[in-house]
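Commentary on secondary and tertiary structure
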Amino acid sequence: MMFQLHKSLNQKINLPPEFGVELFLKREDEIHPFVSGNKYRKLKYNIEEAQKKGFKKLLTFGGAYSNHIAAVAYAGHMFGFETLGIIRGDELKDRIDDNATLSFAKNHGMQFEFVTREAYRTDKLINDYQDYYIIPEGGTNVLAVKGCEEILTEMDVDFNYICTSVGTGGTVSGLINCSQPSQQVLGFPALKGSFLQEDISKFVSKPNWKLITDYHFGGYAKINLELIRFINAFKEQQHIQLDPVYTGKMMFGIFDLIQKGYFPKGSRILAIHTGGLQGIEGMNNTLKQKNLPLIE
Ligand SMILES: *Cc1c(COP(=O)(O)O)cnc(C)c1O
């Protein structure tokens, strides 16, 4: 999959000197305007594989704000695939045009099938779609992990910690595989669930990683006032936009851990900005309905 990619740079985050650590953010969110961050990395070898095997159609799965759905729609459009999204949440069927993610996907040619949350989990669905190249939910499979192994480069070997947000675990798996043995990889799950530890273990064979499970804010796409305020303050101070579903929670966690003295003095920390900014519009619509402040 050969998009013109921008370079992702490591940007220094300004911290008070008394924090005693250095923090950089790898701007993977800037590599492509629509297939941003880790979703580009995860699709790259899957698209190549689909092309190689002669598939004309892609099928994948996702929910209302899914960065993955947006990315597959766009990549399919670019590379001449028909795309079908199986969308969790039957109630979204009549609200495509009110949903920023789904209307973006629709405008890039994606067809949808809306299923109830119960039906979503069944494998039976898949038997009906033999002529589709199937990309699992969140895009995680062996080829996705291989793509994520390209996130770290030689310029990153001196960091002591590599941090990323975790959804299905593909990204953190790729980072673990390409990390140095001297580095510790910390994953910050954006959802509740004990299955992640096991899922990640299927893709990696190194021991230098850990999940930090205290910063999911109640679950996937759940958010509160404290998190909104943090994301807005971070933008004001660092001039970097974080997303509310993934990177905002990770960065909140990193700041909290720094202040609690988790990282030894002098540590050099690299956090990955995995993108996800397309989801902000949809989240703001929800926040508006709840009378909460918006993500600025
Ligand atoms: C999908 C996504 C993640 C989670 O990636 P996994 O490989 O599923 O763990 C993290 N951050 C952003 C912005 C994402 O869109």
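As shown above, the structure is provided for reference.
What you see is a predicted model, and the numbers here were worked out from it, not measured in a lab.

1. What to know about the site of the ligand
- Taken together, 15 residues sit near the ligand, with Lys 39, Lys 42, Asn 67, Thr 168 and Thr 274 positioned nearest.
- The side chain of Lys 42 places a nitrogen or oxygen atom 2.5 Å from an oxygen atom of the ligand.
- A distance of 2.7 Å separates an oxygen atom of the ligand from a polar atom in the side chain of Thr 171.
- If you list the elements that add at least two residues to the shell around the ligand, you get α1 (38–52) and α6 (170–177).
- At three residues, the largest contribution of residues to the shell around the ligand is made by α1.
- A breakdown of the residues in the shell around the ligand according to their chemical character gives two nonpolar, eleven polar and two charged.

2. Let's talk about the sheet that holds strand β8 (residues 184–189)
- Spatial strand order, β1-β2-β10-β7-β8-β9: six strands in an open sheet with mixed pairing. Looking at the sheet topology across the chains shown, the edges are occupied by β1 (10–12) and β9 (209–211). Direction aside, neighbouring strands of the sheet carry axes that sit 25° apart on average.
- Pairing geometry for strand β2 (residues 22–26) and strand β10 (residues 268–272), over five bridges, is parallel. If you follow Lys 26 over to β10, its bridge partner there is Ile 272.
- In the packing of α6 onto the sheet, the strands contacted are β7 (161–166), β8, β9 and β10, and the crossing angle to β7 comes to about 160°.

3. Concerning the pairing of β7
- Extensive coverage of β7 is indicated by the burial of six of its six residues.
- Pairing analysis gives six bridges linking β7 to β8, with the strands arranged parallel. Across the sheet, Cys 163 pairs through a bridge with Leu 186, a residue of β8.
- Running through α6, the crossover from β7 to the neighbouring parallel element β8 is right-handed.
- Pairing of β7 with β10 involves three bridges; the strand directions are parallel. Note that in β10 the partner of Cys 163 across the bridge is Ala 271.

4. Remarks on the layout of surface pockets
- Here the second largest pocket defines a volume of roughly 220 Å³.
- Taken together, 19 residues make up the lining of the second largest pocket; nearest its centre are Pro 33, Phe 34, Ala 70, Leu 277 and Gln 278.
- Elements with a contribution of two residues or more to the lining of the second largest pocket: α1, α2 (67–79) and α3 (100–107).
- In terms of residue class, the lining of the second largest pocket is built from seven nonpolar, nine polar and three charged.

5. Remarks on the environment of Leu 59
- Note that Leu 59 resides in strand β3 (residues 57–62).
- For Leu 59, a relative accessible area of 1% puts it in the buried group.
- Separated by 74 residues in the primary sequence, Leu 59 and Tyr 133 have C-alpha atoms spaced 6.0 Å apart.

6. Description of the state of the cysteines
- Tallying each qualifying case throughout the model produces zero disulfides.
- Between Cys 148, a free cysteine, and Cys 178, which holds the nearest cysteine sulfur, the sulfur-to-sulfur gap is 8.7 Å.
- Counting only cysteine sulfurs, Cys 178 is the nearest neighbor of Cys 163, a cysteine outside any disulfide, at a range of 14 Å.
- Residue Cys 163 is classed as buried on the basis of its relative accessible area, which comes to 0%.

7. Brief notes about the side chain of Ser 66
- Tracing the sequence through the fold places Ser 66 in the loop between β3 and α2.
- For Ser 66, the contacting residues outside a window of four places in its chain are Thr 101 and Gln 278.

8. A look at the packing of aromatic side chains
- Evaluation of the coordinates by the stated rule reveals 17 aromatic pairs.
- Here Phe 34 and Phe 104 contribute two aromatic rings whose centre-to-centre distance is 5.4 Å and whose plane-to-plane angle is 35°, an arrangement assigned as tilted. You can see Phe 34 sitting in the loop between β2 and α1 and its partner Phe 104 sitting in helix α3, a full 70 residues away along the chain.
- Grouped by ring-pair contacts, the aromatic residues Phe 188, Tyr 215, Phe 217, Phe 230, Phe 234, Phe 252 and Phe 255 constitute a single cluster.
- The ring centre of Tyr 246 lies 5.6 Å from the NZ or CZ of Lys 39, which sits over that ring.
- Over the aromatic face of Phe 159 sits the side chain of Arg 268, whose NZ or CZ is 4.6 Å from the ring centroid.

Reading the values: rules and limits
Residues numbered from 1 in each chain as written. Predicted model: local features only at pLDDT ≥ 70, side-chain atom pairs only at ≥ 80, totals over all residues. Heavy atoms only, no water. Near = heavy atom within 4 Å. Polar contact = N/O pair within 3.5 Å; in protein donor to acceptor, adjacent residues only side chain to side chain. Helix = DSSP H or I, 4+ residues; strand = E, 2+ residues; numbered from the N terminus. Nonpolar A, V, L, I, M, F, W, Y, C, P; charged D, E, K, R; others polar. Pairing = 2+ DSSP bridges. Axes fitted to C-alpha atoms, helices over the stretch in contact; angles between N-to-C directions. Contact = heavy atoms within 4.5 Å. Buried < 20%, exposed > 50% of the residue type's maximum accessible area, 1.4 Å probe, protein only. Right-handed = clockwise from strand over helix to strand, strands pointing away. 1 Å grid on protein atoms, 1.4 Å probe; cavity = no way out; pocket = protein on both sides within 12 Å on 5 of 7 lines; lining within 4 Å. Points joined across faces, edges and corners; volume = space filled by probe spheres on them. Disulfide = S-S within 2.5 Å. Phe/Tyr/Trp six-rings, centres within 6.5 Å; stacked < 30°, edge-to-face > 60°. Lys NZ or Arg CZ within 6 Å of the ring centre and 35° of its normal.

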